[in-house]
Amino acid sequence: MADYNHKQIEPKWQREWKKNETFKATVDKSKPKFYSLDMFPYPSGAGLHVGHPLGYIASDIVSRHKRNKGFNVLHPMGFDAFGLPAEQYAIQTGQHPAITTKENIERYKEQLENIGFAFDWDKEVQTCDPKYYKWTQWIFMQIFNSWYDYDAAKARKIDELTAIFSESGNASVNAACDEDVPSFSAEEWNAMSEEDQQNMLLKYRLTYLSETAVNWCPELGTVLSNDEVKDGFSERGGFPVIRKNMKQWSMRITAYAERLLEGLETIDWPEPLKEMQRNWIGKSKGAEVRFQVENSDLEIEVFTTRIDTIFGVTFLSLAPESELTTQLTTADQKEAVEAYVAQAATRSERDRMADVKTISGVFTGSYAINPYNGEKVPVWVADYVLAGYGTGAVMAVPCGDQRDYDFAKHFDLPIVPVIKDADISEQADPTKEGTMINSGFLDGLTCLEAIDKAIAFAEGKGVGKGKINYRIRDAIFARQRYWGEPVPVYFKNDIPYLVAEKDLPIILPEVDKYLPTEDGDPPLGRAENFTYTPEGKNEAFPLEMSTMPGWAGSSWYWYRYMDAHNENAFIDKDVQEYWENVDLYIGGSEHATGHLLYSRFWNKILFDLGHVNQEEPFKKLINQGMIQGRSNFVYRVKGENKFVSFGLRKEYDTTAMHVDVSLCRNDELDLEAFKNWRPDLADAEFILEDGKYICGWEVEKMSKSKYNVVNPDDIIERYGADTLRLYEMFLGPLEQFKPWNTNGIDGVRKFLGKLWRLFHNGQGEFEVSDAAPSKDELKSLHKTIKKAEEDIERYSFNTSVSTFMICVNELSALKCNNRAVLQDLLVVISPYAPHITEELWSLLGHETSIVDTSYPEFNEEYLKESDIEYPVMINGKMRTKLQLSADMNKAEIEAAALADETVQKWLEGKPPKKVIVVPKKIVNLVV
């Protein structure tokens, strides 16, 4: 084969790898393991664009390199296959989501295989496959059958809790549970009916049913997470979203708040991502205080981190969703409050928190009593208070909190200063410096002293206590949709019971439409006989009609890759103990508070229950940056069917128009292709510069509407997969955002052609030499070996590509065709460009794959210089240069310098006053 032909080479080796199962991973305890994982994609109908493979290429390079370094590598791929897009398409067309999803997955797999990834496809998982979601359902059952023991700081099985209740009631139980759990004795527990016991256990289970304020999207017919709502509308589809209370499945992620925080200190993740999780969990130390409602038995409980400012409370604010809102609204305020609550329901929690400019609220008509000074304070409803954070009520201290300050100013409420010398004339002063004033028994204390004394007062008087609070709320675990995992629960007398493990999976049933029923039930309500008959019973009971949320299947999938075909367990214990957890995880930072938080949560439960031996799922995580689109523009003369080239556009009155980037090469427009793309403009006149139409360009998000989406298939067809892989790494550091610009891709393709020619003579015939390598050849090679390994270890892939180019240029200049040098170079380059290196490796006579050879050992000796050039300075001026052996010591260097003829001439027979020798640098003489 004379020339490098990627169209022949790449499919050939992709077939070979597939036929030989080259990347199939099995447990091999004789080798150290390395588990490399990519966040698995949701397979959309659009397929991949060139931005998607960026992280996959990086993980593939590391995986291949680790294999060369002797590791047993697991590098799998699968698909997060349940999701709204396929279901929305099903609603519009009537086509089953499984069909759409299958077609999309096949398209993704074809594209991924064409890029030459070292994926172990034998371990592929699809979350919509019943063989997979059987185990998602099984994990749900483990969580349902668990409770969280704060004293033991772990989840325990529910049977252990019922045993405690039977023996001693719940007085000694320190558990994560509902707030309305009554105390009961063993006798009272044992006297309860089965229904009462099950209802009580539901208040302790790690997954439970409760009335919860949710983001409800009527058009989509489902609950959305906060991440799926933007400005009061669904992120997908742009439909209105309202806040409403619904009976929902939830999971007590709040029980794990502290451990989720502590675990962040044990893992190698980007600090910004860890900080996002810390903020989402939102740990704060403070106190809970109860305000008695005037002329009522009701109390309003608030959480505050600044109890020292309690004498500055001038009103209380309730969340619109709070149960107290209705209870405290007086008759004359009823209409105003109801209208305000309805309006607040149209805004998401995120919008309410982010919008600091809009000030709104309504007075309930009720007052509460400040337990510290006995003063009456009005109770308002305000949408900047969230029902799910703290107690859903806020003690407003306008002098110290800006939102309270703005609210008080807007509604003409009092602002009482409580910190001496704090300036609150224009805005709140949240300082903790200074001493207390206008604060009764706290006057004269520092803020920190006042906090301790105020908490002691609350606890002594029985109106409050010190407390640690978390912003995080329990995770909603239900969707009123069709395309998701069925929940393995049936209902008897409205009480949830688990199905038997032997009856898993509960298969997603067929329905006539993918819409809610006429009665408002989820789509599963349309299924015929969607019921469950427990063993030994003659009665069928209704199954849960909500499905699991999108994050269910992605919260444990890395374990299934380890043991994908196990029909008897979600993973074999020995297999899990070998692979343990993920060594390198690459994916987008947009999953910081969704997938990554929920995955850690589920992993900790599985760890507590003894199903896995690692508490954290992902040791190291890298967030790859986004590859942005590079849009091209043509310039149309206003009012005319005429287009002006970029350099001439200022001579005319033009408007810029996006043009498909596939029609441009190095910003030059293919005019015939353009006319075919826009037949309506086929008769247009084009004003050229130097015979070419040059397009303008701009970096934008890659989007169909901007015609800047680049299909990797097109790049592979023209340049090859190895070029695509190298070029994506060459664009810049992995973590950074960078524009896609095909203008530089020719250089990468030429580099591969130059690498190919090192192995071929001038007639295009394969020819290598077995002669001993030269010193310069070895130096160039070993610089590359060292740099490439260092780069991979620190995930700096772009600099390696530059190093490869330099090395190939040096070896080309040296006319190197030495077998020993070139085959080591192939191994170094192979993780980046696996197809061409595999082909050349084969041409060298190797019968086994290049992935199974060892990475070459770096030898520092080859980088040592045999001679050093020393500038010789006499009285500050350089007079000559000496080539001296690198091994010479100071005395030998000085002697050589003094013996030099040029130096002797300048010394004029006199001994120097001073000789300074800096080894391997310079010689200085003073005369």
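Everything here concerns the structure above.
Residues numbered from 1 in each chain as written. Predicted model: local features only at pLDDT ≥ 70, side-chain atom pairs only at ≥ 80, totals over all residues. Heavy atoms only, no water.

Trainee: Got a minute to help me understand the overall build of the protein in this structure?
Mentor: Secondary structure assignment for the protein yields 28 helices and 35 strands. Counting only C-alpha atoms, the protein reaches 110 × 80 × 75 Å along its principal axes. Out of the 927 residues in the protein, the part that is buried amounts to 53%. Once local pairs closer than 6 in sequence are excluded, the contacts in the protein between residues at least 24 apart make up 70%. In the structure as shown, the protein presents an accessible area of about 41600 Å², 47% of it carried by carbon and sulfur atoms. (Helix = DSSP H or I, 4+ residues; strand = E, 2+ residues; numbered from the N terminus. Buried < 20%, exposed > 50% of the residue type's maximum accessible area, 1.4 Å probe, protein only. Contact = heavy atoms within 4.5 Å. Areas by Shrake-Rupley, 256 points an atom, 1.4 Å probe, with all protein chains shown as cover.)

Trainee: I keep staring at the packing of aromatic side chains and nothing clicks. Help me out?
Mentor: Under the counting rule described, the total for this entry stands at 65 aromatic pairs. With 5.5 Å between their ring centres and 75 degrees between their planes, Tyr557 and Tyr561 make a pair best called edge-to-face. Remark: Tyr561 and Tyr557 occur in helix α16 (residues 557-562); sequence separation between them is four residues, near one turn of the helix. Among the residues examined, Tyr557 registers a relative accessible area of 0% and is labelled buried. By relative accessible area, Tyr561 is classed as buried at 0%. Considering the side-chain rings of Phe686 and Tyr693, the 5.8 Å spacing of their centres and the 90 degrees angle between planes classify their relative orientation as edge-to-face. With respect to class, Phe686 is no different from Tyr693; both count as buried. Ring pairing ties together the aromatic residues Phe40, Tyr132, Trp135, Trp138, Trp556, Tyr557, Trp558, Tyr559, Tyr561, Phe570, Tyr585 and Phe618, which thus form one cluster. The side chain of Arg649 reaches across the aromatic face of Tyr635, ending 5.7 Å from its centre. (Phe/Tyr/Trp six-rings, centres within 6.5 Å; stacked < 30°, edge-to-face > 60°. Lys NZ or Arg CZ within 6 Å of the ring centre and 35° of its normal.)

Trainee: Help me understand the packing of helix α3 (residues 84-93) against helix α4 (residues 97-114), please; the structure alone is not making it clear to me.
Mentor: The description of two helices packed together rests on the angle between their axes and the distance between the axes. Axis separation between α3 and α4 bottoms out at 8 Å; the angle between their running directions is 130 degrees. By the criterion of interaxial angle, the relationship of α3 to α4 is oblique. Where α3 crosses over α4, the handedness of that crossing is right-handed. Mapping the contact onto sequence places Ala86, Glu87, Tyr89 and Ala90 in α3 and Pro97, Thr100 and Thr101 in α4. (Axes fitted to C-alpha atoms, helices over the stretch in contact; angles between N-to-C directions. Parallel < 35°, antiparallel > 145°, perpendicular 65-115°, else oblique. Left-handed = near helix turned anticlockwise from the far one by under 90°.)

Trainee: What is the right way to read the pattern of salt bridges from this model?
Mentor: Two side chains bearing opposite charge may form a pair once their charged atoms approach each other closely. Following the criterion strictly, the structure yields 55 salt bridges and no others. Note that Glu87 is salt-bridged to Arg479, the shortest N-O span being 3.9 Å. Placement of the pair is Glu87 in helix α3 and Arg479 in the loop between β17 (475-476) and β18 (489-492), with a sequence separation of 392 residues. Judged by its relative accessible area of 9%, Arg479 is buried. (Salt bridge = Lys/Arg side-chain N within 4 Å of Asp/Glu carboxyl O.)

Trainee: In this structure, what is going on with the sheet that holds strand β22 (residues 582-587)? I would like to understand it.
Mentor: In a beta sheet, neighbouring strands are held together by backbone hydrogen bonds and run either parallel or antiparallel to one another. If you trace the four strands from one edge of the open sheet to the other, you get β2-β1-β22-β23, paired in parallel fashion. Of all the strands in the sheet, the pair left with one neighbour each is β2 (72-74) and β23 (618-623). Sheet twist, expressed as the average angle between the axes of neighbouring strands with direction ignored, equals 20 degrees. The sheet contact formed by strand β1 (residues 33-38) and β2 spans three bridges and is parallel. The partner of Lys33 across the bridge, within β2, is Asn72. Strands in contact with helix α2 (residues 53-68) are β1, β2 and β22; relative to β1, the strand with the most contacts, it is inclined by about 170 degrees. (Pairing = 2+ DSSP bridges.)

Trainee: Mind showing me how you'd approach the side chain of Asp563 here?
Mentor: Structurally, Asp563 is set in the loop between α16 and α17 (573-579). With no salt bridge to any partner, buried Asp563 finds its closest opposite charge in Arg560, at an N-O distance of 5.7 Å. Those residues in contact with Asp563, other than ones at most four positions away along the chain, are Ile571, Asp572 and Val575. (Lys, Arg positive; Asp, Glu negative; His and termini not counted.)

Trainee: Honestly, the pairing of strand β11 (residues 299-304) in this entry has me stumped. Any pointers?
Mentor: In regular strands, side chains alternate between the two faces of the sheet. Here strand β10 (residues 283-293) pairs with β11 via six bridges, running antiparallel. Residue pairing in the sheet places Val289 in a bridge with Val302 of β11. Following β10, the chain reverses through five residues before pairing antiparallel with β11; Asn295 in that reversal takes a positive phi of roughly 55 degrees.

Trainee: How do you make sense of unusual backbone geometry when you look at a structure like this?
Mentor: Across the junction of Leu504 and Pro505, the peptide omega takes the value 0 degrees, indicating a cis bond. Here Pro505 is to be found in the loop between β19 (495-498) and β20 (531-532). In this structure, Asp412 takes a positive phi of about 60 degrees despite not being glycine. Looking at the secondary structure, you find Asp412 in the loop between α14 (402-410) and α15 (447-461). Among the residues examined, Asp412 registers a relative accessible area of 71% and is labelled exposed. At Asn529, a position not held by glycine, the phi torsion is positive, near 55 degrees. Along the chain, the position of Asn529 falls in the loop between β19 and β20.

Trainee: Please explain helix α22 (residues 745-758) as it appears in this structure.
Mentor: Helical geometry note: an α-helix holds 3.6 residues per turn, so side chains three or four residues apart project in the same direction. The first and last C-alpha atoms of α22 sit 21 Å apart over 14 residues, in line with the 20 Å expected at 1.5 Å per residue. With ten of 14 residues buried, α22 lies mostly within the body of the structure. (Expected span 1.5 Å × (residues − 1).)

Trainee: Help me out: how do you make sense of the environment of Leu840 in this one?
Mentor: Note that Leu840 resides in helix α26 (residues 834-843). Given a relative accessible area of 0%, Leu840 falls into the buried group. A sequence separation of 561 residues divides Leu840 from Asn279, and the C-alpha atoms of the two residues are 52 Å apart. Setting aside anything within four residues of it in sequence, one finds Leu840 in contact with Leu755, Trp756, Phe759, His760 and Leu826.

Trainee: Before we go on, may I ask you to explain empty space enclosed by the protein in this structure?
Mentor: Left-over empty space is what a probe sized like a water molecule reveals as it rolls over the atoms. Across all of its chains, the model carries two cavities of 30 Å³ or more by this definition. Looking at the largest cavity, its volume works out to about 100 Å³. Surrounding the largest cavity, Arg347, Arg352, Asp355, Val356, Thr358, Ile359, Ser360, Asp383, Tyr384, Arg403, Asp406 and Phe407 form its lining. When residues in the lining of the largest cavity are grouped by element, the largest group, three residues, is from α14. Looking at the lining of the largest cavity, its residues break down into four nonpolar, two polar and six charged. By volume, the second largest cavity is sized at about 30 Å³. What lines the second largest cavity is simply Cys399, Pro417, Val418, Ile419, Ala422, Ile424 and Asp429. (1 Å grid on protein atoms, 1.4 Å probe; cavity = no way out; pocket = protein on both sides within 12 Å on 5 of 7 lines; lining within 4 Å. Points joined across faces, edges and corners; volume = space filled by probe spheres on them. Nonpolar A, V, L, I, M, F, W, Y, C, P; charged D, E, K, R; others polar.)

Trainee: I'm lost on the layout of surface pockets in this one. Help?
Mentor: Reported here for the second largest pocket is a volume of approximately 540 Å³. Along the walls of the second largest pocket sit 24 residues, with Asp521, Pro522, Glu544, Met545 and Ser546 positioned nearest its centre. Put simply, the parts of the chain that give the lining of the second largest pocket at least two residues each are β5 (207-217) and β9 (242-251). In terms of residue count, the dominant contributor to the lining of the second largest pocket is β9 (four residues). For the lining of the second largest pocket, the class distribution of residues is 14 nonpolar, six polar and four charged.

Trainee: What am I meant to see in the pairing of strand β24 (residues 627-637) here?
Mentor: The buried fraction of β24 amounts to nine of the eleven residues, a majority that puts the element mostly inside the structure. Bridging between β24 and strand β31 (residues 738-739) involves two bridges; their strand directions are parallel. Paired with Ile627 across the bridge in β31 is Lys738. As paired elements, β24 and strand β30 (residues 696-700) share five bridges and run antiparallel to each other. Residue pairing for β30: Gly629 is matched across the bridge by Glu700. Bridge count for β24 against strand β26 (residues 654-659) is six bridges, and the pairing is antiparallel. Bridge pairing in β26 links Arg636 to Thr655. Examined bridge by bridge, β24 and strand β25 (residues 642-644) share two bridges and lie antiparallel to one another. Across the sheet, the residue bridging to Tyr635 is Val644, located in β25.

Trainee: What should I look at first to understand the environment of Ala896 in this one?
Mentor: When you line up the elements, Ala896 lands in helix α27 (residues 890-899). Between the alpha carbons of Ala896 and Leu882 there is a distance of 8.5 Å; along the sequence they are 14 residues apart. Filtering out sequence-adjacent residues up to four positions away, Ala896 remains in contact with Leu882, Leu884 and Met888.

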